[in-house]
Amino acid sequence: MSVLSLSRVSLHYGTSSAPVLQDLSLDLRRGEFVSVIGRSGSGKTSLLNLAAGFVSPSTGTVRVDGRAVTGPGPDRAVVFQDDALYPWRRVEDNVALPLKLAGVGRDERLARARDWLAAVGLEGQGAKHVWQLSGGQRQRVGIARALASEPEFLLMDEPLGALDAMTRDLMHELLLKLWQRSHAGAMLITHSVEEALFLSTSVLVLAPDPGRVVLQERFSFGRRFLAGEDPRALKSEPAFIAARERLLAAIYMKEASRMKKQGHMKEVG
Amino acid sequence: MVDLSAPAALSVPAAASRPGLRRLPLGLVLGLGTFVAVLCLWVLASAQGWASPVFLPAPARVWAALVRVATEGYANATLWGHMGASLWRVFAALVFTMLIGVPVGLIIATSRIGRGILDPLVEFIRPLPPLAYLPLIIIWCGIGEPSKVLVIGIAMLAPIVISTVSGARAASESQIRAAQAFGATRVQLVREVMLPAALPSIFTGMRIALGAGWTTLVAAELVAATRGLGYMIQSAAQFLVTDMVIAGILVISALATLSELALRLTERRFLPWIGKS
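Residues numbered from 1 in each chain as written. Chains lettered and ligands numbered in written order. Predicted model: local features only at pLDDT ≥ 70, side-chain atom pairs only at ≥ 80, totals over all residues. Heavy atoms only, no water.

K.L.:
Would you explain the overall build of chain A in this entry?
P.N.:
Helix and strand content of chain A: 10 helices and 10 strands. In terms of C-alpha radius of gyration, chain A reaches 19 Å, essentially the compact-globule figure of 18 Å for 269 residues. C-alpha atoms of chain A, sized along the principal axes, occupy 65 × 45 × 35 Å. Here chain A holds 269 residues, and the buried ones make up 57% of them. Considering only contacts within chain A whose residues lie at least 6 apart along the sequence, 69% involve residues at least 24 apart. By element, 50% of the accessible surface of chain A is carried by carbon and sulfur atoms, the whole surface being about 11,500 Å². Of the side-chain charges in chain A, 35 are positive and 30 negative, and the distance between the mean point of each set is 3 Å. (Helix = DSSP H or I, 4+ residues; strand = E, 2+ residues; numbered from the N terminus. Rg over C-alpha atoms; globule rule 2.2 N^0.38 Å. Buried < 20%, exposed > 50% of the residue type's maximum accessible area, 1.4 Å probe, protein only. Contact = heavy atoms within 4.5 Å. Areas by Shrake-Rupley, 256 points an atom, 1.4 Å probe, with all protein chains shown as cover. Lys, Arg positive; Asp, Glu negative; His and termini not counted. Charge placed at Lys NZ, Arg CZ, Asp CG, Glu CD.)

What follows is the structure in structure tokens.
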């Protein structure tokens, strides 16, 4: 079973003394879904950039199955917050691009691209231009494109951040089904505690200054949804609500104490 | 699969945009109005005798000169011969300059070493006036057709290179990183992401380059030309045939406008995504 492991990584940008991430370890196995939450500045995106190979750790190692990661590669597909689609290519050509880069012939890559488009609910939309799609549709194209390369790991940097709440709920269910189908190890950077709880087999809470893990917990709400349970019933379970409060407490812990120290709490309430 | 057809309804309605029908004719009307006003002033000025016909011939005389050169010819060739020669030079220069300028721009944009070597050369060529390097080109390349194309091409090089460089940076960081994550090599990255992202800017560069090309035309046809609009204008000027000079200027202006329009249509046809994402 493939594993993407970050061991004791720290990251400094430039010569600034404050590390963005400090001494962080994380294993992502195929078939797992790890979400990373935390306030702005806690190094969530830096963590994903390390895993993707866009940046190298200042200390520590990033490995896939024991091999050191030296840069980005097709085993680790990335979905970006801005969909990062190419407007000069039609929708299906966007999805087929990873296959083209891998040397797959035109007919086969288009057939596979159309399969993935159907899998994200965009059957028959392949000939459209990117700008003719809504935000949610574009993000689904981005996900289809990432999965078309059949990656071992799917790294997602707040892919649903710009979508409205109703679209997000539908995307959550779609993401779980795609994750199950692809068998990839998924890493999701998100601001939404509910999203992390519902989707993940494991949630990591990061705290800023320096970026580090303050809580890691395993969950099974997503698997239970895939087993056929009702998503709204799951999200209103006492166990779900209690877990949400635990994660929120971990996220705001230090902020609350800092604000109390500065006397801001009285003004706020 | 989950039914996700609902987000399709989320697309923004286009009703908020201003009615485009009213805006286009206004620009057109104003443009034609200016043109007509200048023409009226010109007719008035020559009819009233405000300037000697040697300085400002009447529009009718310019029209007659135009008809004369189109039918009988002037300075060794008919209007079509002059136009063909000039068009060939300008567009040959554009093609050659694109073949050199776009790759040079991409190298400058993507390689620090390439930038270090090529950028100073481009910056050196950029401000040079064509009349200054014309003698040198003639000494080096002779008085034939290649040196004329070269003189125009040099004037076109900087706009093409600079627009390619700035265009190649139009690709967003995530667009570049996405391709890298899919395993794109450096060459694939340039071909699939940077070059297409640069195309809108390259088209703008081509339009500026064409302008520079028409501007340089007269200089290029200054020495040892036997036909061409620039040559026609100079021949007429030597004998104070002012109506023919003005006719030549109007023809150059019309050709420049037409080539600009052709470029815009090409842009709309082949780059429909400009300004859309």
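Moving on, there is more to tell.
K.L.:
Teacher, can you tell me more about the overall build of chain B here?
P.N.:
A tally of regular secondary structure across chain B gives 10 helices and zero strands. Over its C-alpha trace chain B gives a radius of gyration of 24 Å, far above what one expects of a compact globule, namely 19 Å for 277 residues. Principal-axis analysis of the C-alpha atoms places the extent of chain B at approximately 80 × 55 × 30 Å. The proportion of buried residues among the 277 residues of chain B is 42%. For chain B, restricting intrachain contacts to residue pairs at least 6 apart in sequence, the fraction spanning at least 24 positions comes to 71%. Working note: accessible area of chain B is about 15,400 Å², and carbon and sulfur atoms make up 71% of it. Across chain B, the centroid of the 20 positively charged side chains sits 4 Å from that of the 11 negatively charged ones.

K.L.:
Sorry if this is basic, but what is going on with helix α3 (residues 106–119) of chain A here?
P.N.:
An α-helix turns once every 3.6 residues. As a result, residues three or four positions apart point the same way. Residues and elements named next belong to chain A. Under the 1.5 Å per step criterion, the end-to-end length of α3 is 20 Å for 14 residues, consistent within 8% with the ideal 20 Å. If you check which residues of α3 are buried, you get Arg109, Leu110, Ala113, Trp116, Leu117 and Ala119. Where α3 terminates, the next one or two residues include Gly121, which has phi positive at roughly 80°. (Expected span 1.5 Å × (residues − 1).)

K.L.:
Looking at this structure, I do not really get the interface of chain A and chain B. What am I missing?
P.N.:
Interface size is often expressed as the accessible area that is lost when the parts come together. Each partner contributes residues to the interface: chain A has 38 residues there, and chain B has 29 residues. Across the chain A to chain B interface the summed buried area is about 3,000 Å²; carbon plus sulfur atoms make up 69%. The three residues of chain A that bury the most area against chain B are A:Trp88, A:Leu101 and A:Trp131, which together make up 24% of that side's buried surface. With its nearest N and O atoms 2.9 Å apart, the salt bridge here joins A:Lys100 to B:Glu192. Taken together, the elements giving at least two residues each to the side of chain A that touches chain B come down to β6 (76–79), α2 (91–101), α3, α4 (135–148) and α5 (165–182) of chain A. The element best represented in the side of chain A that touches chain B is α5(A), accounting for six residues. (Buried area = accessible area lost by both parts, 1.4 Å probe. Salt bridge = Lys/Arg side-chain N within 4 Å of Asp/Glu carboxyl O.)

K.L.:
Can you walk me through the sheet that holds strand β2 (residues 21–29) of chain A in this structure?
P.N.:
Sheets are built from strands paired through backbone hydrogen bonds, the pairs being either parallel or antiparallel. Residues and elements named next belong to chain A. Here we have four strands laid out as an open sheet, ordered β2-β1-β4-β5, and antiparallel in their pairing. Two strands lie at the open edges of the sheet, namely β2 and β5 (67–68), each paired on one side alone. Bridging between strand β4 (residues 59–64) and β5 involves two bridges; their strand directions are antiparallel. Residue Arg63 lies in a different strand from β5, and its bridge partner there is Ala68. Across the sheet, helix α1 (residues 44–52) touches β1 (3–11), β2 and β4, and the angle it forms with β1 is around 125°. (Pairing = 2+ DSSP bridges. Axes fitted to C-alpha atoms, helices over the stretch in contact; angles between N-to-C directions.)

K.L.:
When you look at the sheet that holds strand β10 (residues 212–218) of chain A in this model, what are you seeing that I'm missing?
P.N.:
Residues and elements named next belong to chain A. Taken together, six strands build an open sheet; the order of strands is β6-β7-β8-β3-β9-β10 and the sheet is mixed. Each edge of the open sheet is held by one strand with a lone partner, namely β6 and β10. With strand direction ignored, the average angle separating the axes of adjacent strands in the sheet is 20°.

K.L.:
Sorry if this is basic, but what is going on with helix α7 (residues 173–181) of chain B here?
P.N.:
Counting buried positions over the nine residues of α7(B) gives seven, a clear majority of the element. Among all positions in α7(B), only B:Ser174, B:Gln175, B:Ile176, B:Arg177, B:Ala178, B:Ala179 and B:Ala181 are buried. Close packing links the buried residues of α7(B) with α1, β6, α2 and α4 of chain A together with α8 (186–220) of chain B. Of the residues flanking the end of α7(B), it is B:Gly183, one or two places downstream, whose phi is positive at about 90°.

K.L.:
Help me understand the side chain of B:Glu267 in this model?
P.N.:
Tracing the chain through its elements places B:Glu267 in helix α10 (residues 242–270). Once you skip the residues sitting within four places of it in the chain, B:Glu267 turns out to touch B:Pro200, B:Phe203, B:Arg207, B:Pro272 and B:Ile274.

K.L.:
For this particular structure, what's the right way to read the pattern of salt bridges?
P.N.:
It is possible for side chains of opposite charge to pair when their charged atoms get near one another. Per the stated rule, a full pass over the model turns up 28 salt bridges over all chains. Across the pair B:Glu192 and B:Arg191 runs a salt bridge whose closest N-O atoms are separated by 3.5 Å. Look at the salt bridges and you will find they share partners, linking A:Arg89, A:Lys100, B:Arg191 and B:Glu192 into a network.

K.L.:
Would you mind showing me how to read a nonpolar patch on the surface here?
P.N.:
Nonpolar side chains collect at one region of the surface, where B:Val95, B:Phe96, B:Leu99 and B:Ile100 lie side by side and expose about 420 Å² of accessible area between them. We classify B:Leu99 as exposed; its relative accessible area is 58%. (Patch = residues over 30% accessible without salt bridge, like charges linked within 9 Å, V, L, I, M, F, W, Y side chains within 5 Å.)

K.L.:
Which parts of the structure should I look at to understand the pairing of strand β7 (residues 153–157) of chain A?
P.N.:
As a general feature of sheets, a regular strand has side chains that alternate between the two faces. Residue and element names in this part refer to chain A. Counting buried positions along β7 yields five of five residues, so the element is predominantly enclosed. One ladder, built from four bridges, connects β6 with β7; its direction is parallel. In the sheet register, Ala77 faces β7, and the bridge partner there is Leu154. For β7 and strand β8 (residues 185–189), the ladder comprises five bridges, and the chain directions are parallel. In the sheet register, Met156 faces β8, and the bridge partner there is Leu188. Remark: the β7/α5/β8 crossover connection has right-handed handedness. (Right-handed = clockwise from strand over helix to strand, strands pointing away.)

K.L.:
Explain the side chain of A:Asn49 here, please?
P.N.:
As for its position among the elements, A:Asn49 is in helix α1. You can call A:Asn49 buried: its relative accessible area is 9%. The contacts of A:Asn49, once residues within four sequence positions are left out, are A:Phe54, A:Val55 and B:Arg177.

K.L.:
Where do I start with unusual backbone geometry in this structure?
P.N.:
Residues other than glycine predominantly adopt negative phi, and peptide bonds predominantly adopt the trans conformation. The omega angle of the peptide bond from A:Asp209 to A:Pro210 is -10°, so this bond is cis rather than trans. On the secondary structure map, A:Pro210 appears in the loop between β9 (202–207) and β10. The backbone phi angle of A:Asp65 is positive, close to 50°, even though this residue is not glycine. Relative to the elements of secondary structure, A:Asp65 occurs in the loop between β4 and β5. With relative accessibility at 40%, the residue A:Asp65 sits in the partly exposed group. Although it is not a glycine, B:Leu240 sits at a positive phi angle of roughly 55°. Here B:Leu240 is to be found in the loop between α9 (229–238) and α10.

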